[in-house]
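The primary structure of each chain is shown beneath.
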Amino acid sequence: MKIQSYRSASVGSRMCGSLLIAALGSIAVTVFSGPSQAAQDTRFPSPLESVRVVPHEESTFKSRLDQGELYLLKASGAAVTSGGGVDAEYDGRGADIVGSVDVGLEIQPKTLRKTTGAHPTRMKWTGSDRANHTYYMVVTGGGGPLTLKLVTPSSRSKTAFSDSGAIAVSLYRLSTLPAPLETLQIPVLQKIVPTILTTRKSSVYLLQAIGQARVGGGGLGQGDAEYMDYRTDGVGQVDVGDGNTDYGIGVDEADLSKTPHALWWGPWRQDHTYDLLFAGTGKPIQFMFYDVDGGYGDNSPTEALTVKVYALP
């Protein structure tokens, strides 16, 4: 089961096809409505801390990342190496892999989705405009500080080249967020819900999904933004299940046959709150809850998951 642009003026709210529903299960929902846009301050709070990362040397935040808490990293700038510039994700020619080296900013510890066959070297950064060398990453706290290292094509020969420059990385706690640009209710049905916002191609957005709903027969199975068919105590959660279906909320992926989805909400969370990054496309974002084809019949017709869209610093 799965499946923005920023407006600075006349930001109001709009309801599309309202339908009165009941408050059931663990999600209290009074109406299904179209997206709503906020008129409050949408600016991100100040970072907890910032560090500079130079080629060949590790940099570690002083702040300890609380176990299970979600954090945002923002990487800005580029370093100069023998092979040209390198930023958090690419070298100066726009290559991600140079020879056998996965260049860019590597973090420890890392969180990878094993089912996607992701490159084992490091997590990937999200950016929409490579020219400004600004990228973002969402990480889950492990109880200790986070260490970063800039991997360059010459990383294996530290003394052979004279590298210079640094990448600035800032750390933000995602439990403290500004007002969202927009809030949507995503039913656990085969229904596409678009944003009112039209995303900017030069911007990256934070998407936050909250809640769970009934998606299993006999009222026993629950589902959230990424996992399904688990009990109320969390036992039995499935990411990719029947028919090789990537369960949960898909983002800009209206093809039921595509699995796994390009965007992953992250590891299982008992609080059913997930964050992911979305690079603007110049169009609205489309969301849809994914279940196995023909499997929506035992999903709740009234419950929904909440998705909020945020501007990034």
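Procedures and definitions
Residues numbered from 1 in each chain as written. Predicted model: local features only at pLDDT ≥ 70, side-chain atom pairs only at ≥ 80, totals over all residues. Heavy atoms only, no water. Helix = DSSP H or I, 4+ residues; strand = E, 2+ residues; numbered from the N terminus. Buried < 20%, exposed > 50% of the residue type's maximum accessible area, 1.4 Å probe, protein only. Core = buried A, V, L, I, M, F, W, Y, C linked by side-chain atoms within 4.5 Å. Phe/Tyr/Trp six-rings, centres within 6.5 Å; stacked < 30°, edge-to-face > 60°. Pairing = 2+ DSSP bridges. Axes fitted to C-alpha atoms, helices over the stretch in contact; angles between N-to-C directions. Salt bridge = Lys/Arg side-chain N within 4 Å of Asp/Glu carboxyl O.

Time to look at the overall build of the chain. Within the chain, the secondary structure is distributed over zero helices and 25 strands. Counting all 313 residues of the chain, 49% fall into the buried class.

Now for the nonpolar core. Counting residues in hydrophobic clusters, the biggest one holds 29 residues, and the most contacted among them are L207, I249, V251, W265 and F287. Those elements that provide at least two residues to this core are strand 16 (182-187), strand 18 (204-210), strand 21 (228-230), strand 22 (248-251), strand 23 (273-279), strand 24 (286-290) and strand 25 (304-311). Of the residues forming this core, the biggest block, four residues, is contributed by strand 25. In terms of nonpolar packing, the next biggest core, distinct from the first, is built from 27 residues, L65, L73, A88 and L105 among them.

Once that is clear, we can look at the packing of aromatic side chains. In the structure shown here, the tally under the stated rule is five aromatic pairs. On the basis of an interplanar angle of 85 degrees and a centroid distance of 5.6 Å, the ring pair of F44 and Y172 is categorised as edge-to-face. With F44 in the loop between strand 3 (36-37) and strand 4 (49-53) and Y172 in strand 15 (residues 167-173), this residue pair connects regions lying 128 residues apart in the sequence. For the residue pair F44 and Y172, the accessibility class agrees, reading buried in each case. Both rings, one in Y227 and one in W268, keep their centres 5.8 Å apart while their planes meet at 80 degrees; by these two values the pair is edge-to-face. In this pair, Y227 sits in the loop between strand 20 (222-223) and strand 21 while W268 sits in the loop between strand 22 and strand 23, placing the two residues 41 residues apart along the sequence. Through a chain of ring-to-ring contacts, the aromatic side chains of Y227, Y230, W268 and Y274 assemble into a single cluster.

For the rest of this paragraph, the subject is the sheet that holds strand 15. A sheet is described by the order of its strands in space; here four strands give the open sequence 4-15-6-12, paired in antiparallel fashion. The sheet terminates laterally at strand 4 and strand 12 (134-140), the two strands that pair on one side only. Going across the sheet, the axis of each strand differs from the next one's by a mean of 25 degrees, ignoring polarity. Looking at chain direction, strand 6 (residues 70-76) and strand 12 are connected through seven bridges and run antiparallel. Looking across to strand 12, one finds that Y71 is bridged to V139.

Right, let's talk about the pattern of salt bridges for a bit. For the structure shown, the criterion picks out three salt bridges. Close ionic contact of E89 with K124 constitutes a salt bridge, the shortest N to O distance being 3.6 Å. With E89 in the loop between strand 8 (84-86) and strand 9 (97-98) and K124 in the loop between strand 11 (104-108) and strand 12, the pair connects residues that are 35 residues apart, well separated along the chain. Of the residues examined, E89 reaches a relative accessible area of 3% and is grouped as buried. A relative accessible area of 34% places K124 in the partly exposed class. One salt bridge in this structure joins R269 and D271, with 3.1 Å as the shortest N-O distance. Judged by its relative accessible area of 13%, R269 is buried. Take D271: its relative accessible area is 42%, and that puts it in the partly exposed class.

Our next topic: the pairing of strand 4. Residues E49, V51 and V53 point to one face of strand 4 and are all buried, whereas S50 and R52, pointing to the other face, are not buried. Direction of pairing for strand 4 relative to strand 15: antiparallel, over a ladder of five bridges. From the neighbouring strand, V53 faces strand 15, where its bridge partner is I167.

These results come straight from atomic positions and should not be treated as a statement about function.
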